[in-house]
Protein chains: 2
Amino acid sequence: MADSAAKRVGADESTQRVKRAKADNENGGGEGAKDPECENVLSEFKTSTVLSDSAREKTMFLHGKLADQEAVVILEKTPIREDSLAELFTGSRLKLEMRNDIYSTYRLQAPPQFNEIKTTVVCPATEKHLKKYQRQESFLVEETGEDYQSITSPYIQKQSFSVQWVYNILEKKAEAERIVYEDPDPEAGFVLLPDFKWDQKQVDDLYLIAIVHQRDIRSLRDLTSEHLPLLQNIFQKGKEAILQRYNLPASKLRVYLHYQPSYYHLHVHFTKLGYEAPGCGVERAHLLADVIQNLQSDPQYYKTRTLYFPLRADDGLLGKFKEAGRL
Amino acid sequence: MADSAAKRVGADESTQRVKRAKADNENGGGEGAKDPECENVLSEFKTSTVLSDSAREKTMFLHGKLADQEAVVILEKTPIREDSLAELFTGSRLKLEMRNDIYSTYRLQAPPQFNEIKTTVVCPATEKHLKKYQRQESFLVEETGEDYQSITSPYIQKQSFSVQWVYNILEKKAEAERIVYEDPDPEAGFVLLPDFKWDQKQVDDLYLIAIVHQRDIRSLRDLTSEHLPLLQNIFQKGKEAILQRYNLPASKLRVYLHYQPSYYHLHVHFTKLGYEAPGCGVERAHLLADVIQNLQSDPQYYKTRTLYFPLRADDGLLGKFKEAGRL
């Protein structure tokens, strides 16, 4: 998700071991130094691994060697262009794949000029680039109430992840000027502020976070009917504050919690409906409205329920589930 | 989100006005009736409007005319395939666009066979199809159990959307060769087959649909604890069939229902975890594992619960909710 577009990183000089001379000679040494049409520098690219790819976005990130240097090659098919449609339909080959009722599917082979692949080469590439583009596989974990007690809770406790940055916000030691709304009540109160992912330039990708003042609620798993006043307060006042500040009504908002969360201090996500925010998938997100209803009908719902969530291959918690034979 | 890939709908018979004879004659009259390579039915397609497109997903939804009939044509570039990389790099033309330090970008023109466009034709297309594929704003609707009884259920009934294409599949009148697995039991049975959105070339974007043999379950709202054997059967056997056929274990799958669904005949989505399938967001998707648990603890869970879902601005159901003062 975060990996899904070409992005430059701050290169770490110490790991770069720049050996550019050779590549520069072979590739033409700079913009327009040779006729760019005439050479295919990639013909000698040797792929060693696929770092990541996206079938949805038609991208692929490759690690390999280019003239003896480490290189990353990023391929991304280009968007379909309206101005090419007429030629696309007349100049292509078409193969029927399936027909059922009014629906049929084909494979269309378009002339190369209408079907380009945007190619980005990073060479020489450093370890930092490889990590950046490397996709981590995820696994869906099934966590019963007992698993939480015996595996997850001890793991969280032991890691004692620092949430100092959260306390800094709650205490106005940092980001005070970013606060959109605050209810200072120590029990039901919270601070609402834009998420880092949102540049606040347009509401299309609106993303705010409500962080509760209470410090002993780690996640969804800790919630019982006791917390209903807190949750209802966040839901109500968060929506009101967003309407007032951004003129966006509740019917345009997706309000949810993550499980597992990124940090174990209770917080609620407010994102714009229609914006496919990272982490809004059904496997990780829980609508606040559903959480409230579930706690209303069963005060222990989140203590007893089996919860499902994805964990990345390198997540320590996944290791604990594997050790326990739960995967 | 829901707009971003080819998708079938329950067709509204009253607006279909099927005039198939001509199209059938011209297009070959059925699966494999003519050599599918020899004709390009799209060469006579005349685009009237772009209904929607996605630069991120490399898709385009077109409305136009095909042999005097209304048609929708959906274009989607295919994912980049690892097994084509060697030939892609040696057999393509490359144009340098930009070079800066260790980064350079190119336009790569690949041979047509490595650069196909998946093309779906809906012909004749109805108003409903046009609406389905037209980009539209969405609103989150809150539907209580009473709202379902008084607003949604009568609306669905009145529309009497045709699901003939579903019955064609269940009766092996169409797409029989695409079936991945079937449990023929009339009560607990289902047919598992690839969704239209998936070209089956790679498992990265695996997308299958389980369609139940029972014909009277319209959606999540109709489910009670009576349906637990059906749901558990789909969950279990669907996962087994996918493991066997695609070597993908349950821990790599996201298994869920939509509410509202696109068509009112119960079906379950199986997508690969990590693939951001359209419609997998928390506002529309319900994990089958959660549905099963919820029905186990409350047989009437989905009859009584308030459910939240997005509706597009032009959805007739949204109009009904507005009329009732529920938005």
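Definitions and cut-offs
- Residues numbered from 1 in each chain as written.
- Chains lettered and ligands numbered in written order.
- Predicted model: local features only at pLDDT ≥ 70, side-chain atom pairs only at ≥ 80, totals over all residues.
- Heavy atoms only, no water.
- Helix = DSSP H or I, 4+ residues; strand = E, 2+ residues; numbered from the N terminus.
- Buried < 20%, exposed > 50% of the residue type's maximum accessible area, 1.4 Å probe, protein only.
- Areas by Shrake-Rupley, 256 points an atom, 1.4 Å probe, with all protein chains shown as cover.
- Phe/Tyr/Trp six-rings, centres within 6.5 Å; stacked < 30°, edge-to-face > 60°.
- Lys NZ or Arg CZ within 6 Å of the ring centre and 35° of its normal.
- Contact = heavy atoms within 4.5 Å.
- Buried area = accessible area lost by both parts, 1.4 Å probe.
- Salt bridge = Lys/Arg side-chain N within 4 Å of Asp/Glu carboxyl O.
- Nonpolar A, V, L, I, M, F, W, Y, C, P; charged D, E, K, R; others polar.
- Pairing = 2+ DSSP bridges.
- Axes fitted to C-alpha atoms, helices over the stretch in contact; angles between N-to-C directions.
- Core = buried A, V, L, I, M, F, W, Y, C linked by side-chain atoms within 4.5 Å.
- Expected span 1.5 Å × (residues − 1).

Draft legend 1. Examining the overall build of chain A more closely. Helix and strand content of chain A: ten helices and 14 strands. Every one of the 327 residues in chain A was classed for burial, and the buried ones make up 57%. When the accessible surface of chain A is summed, it comes to about 14,500 Å², and 47% of that surface belongs to carbon and sulfur atoms.

Draft legend 2. Region of the structure containing the packing of aromatic side chains. Considering all chains together, one arrives at 17 aromatic pairs over all chains under this definition. Here A:Phe45 and B:Phe89 contribute two aromatic rings whose centre-to-centre distance is 5.3 Å and whose plane-to-plane angle is 80 degrees, an arrangement assigned as edge-to-face. Note that A:Phe45 is positioned in the loop between helix H2 (20–27) and strand S1 (46–54) and B:Phe89 in helix H3 (residues 85–91), a pairing that runs across two chains. Connected via pairs of aromatic rings, a cluster forms that spans A:Tyr259, A:Phe309 and A:Phe321. In this structure, A:Lys239 packs its charged tip against the face of A:Phe235, placed 3.6 Å from the ring centre. Directly above the ring of B:Phe139 sits A:Lys252, whose terminal nitrogen or CZ lies 4.2 Å from the centroid.

Draft legend 3. Up close: the interface of chain B and chain A. Contacts between the two partners involve 113 residues from chain B and, on the opposite side, 102 residues from chain A. Of the roughly 10,200 Å² buried between chain B and chain A on both sides combined, carbon and sulfur atoms contribute 54%. The tally of links between chain B and chain A comes to nine salt bridges. The residue B:Arg254 makes a salt bridge to A:Glu283 at a minimum N-O spacing of 3.0 Å. Of the residues that constitute the side of chain B that touches chain A, the class distribution is 51 nonpolar, 31 polar and 31 charged. Relative to strand S6 (residues 103–109) of chain B, strand S6 (residues 116–122) of chain A is paired through seven bridges, and the arrangement is antiparallel. Bridge assignment links A:Ile117 to a residue of S6(B), and that residue is B:Leu108.

Draft legend 4. Local environment of the sheet that holds strand S14 (residues 267–272) of chain B. Residues and elements named next belong to chain B. If you walk across this open sheet you meet the six strands as S10-S11-S12-S14-S13-S15, and the pairing is antiparallel. In the strand order of this sheet, the two ends are held by strand S10 (181–183) and strand S15 (285–287), each with one partner. When strand polarity is set aside, the average angle formed by the axes of neighbouring strands in this sheet is 25 degrees. With respect to the sheet, helix H7 (residues 228–246) is in contact with S10, strand S11 (190–194), strand S12 (207–212), strand S13 (253–258) and S14, its orientation differing from that of S11 by roughly 40 degrees. Each of S13, S14 and S15 touches helix H8 (residues 288–297); the most contacted strand, S15, lies at about 65 degrees to it.

Draft legend 5. Region of the structure containing the nonpolar core. Core analysis: the biggest nonpolar cluster contains 149 residues, and A:Phe270 and B:Phe270 have the highest contact counts within it. Setting aside residues no more than four positions away along its own chain, B:Phe270 makes contact with B:Leu192, B:Leu206, B:Tyr207, B:Leu208, B:Ala210, B:Ile234, B:Gly238, B:Lys239, B:Ile242, B:Leu253, B:Arg254 and B:Val255.

Draft legend 6. Seen up close, H7(B). All names here are of chain B. The end-to-end C-alpha distance of H7 is 26 Å, a good match for the 27 Å that 19 residues give at a rise of 1.5 Å each. Looking only at H7, the buried set comprises Leu228, Leu230, Leu231, Asn233, Ile234, Phe235, Gly238, Lys239, Ala241, Ile242 and Tyr246. Those residues of H7 hidden inside the fold are in contact with S10, S11, S12, S13, S14 and H8. Where H7 terminates, the next one or two residues include asparagine 247, which has phi positive at roughly 60 degrees.

Draft legend 7. Layout of the pairing of strand S16 (residues 307–312) of chain B. All names here are of chain B. The buried count for S16 comes to five of six residues, which makes it a mostly enclosed element. The pairing of strand S8 (residues 138–143) with S16 spans six bridges and is antiparallel. Bridging from a neighbouring strand, glutamate 143 pairs with leucine 307 of S16.

On their own, these measurements won't tell you what the molecule is for.
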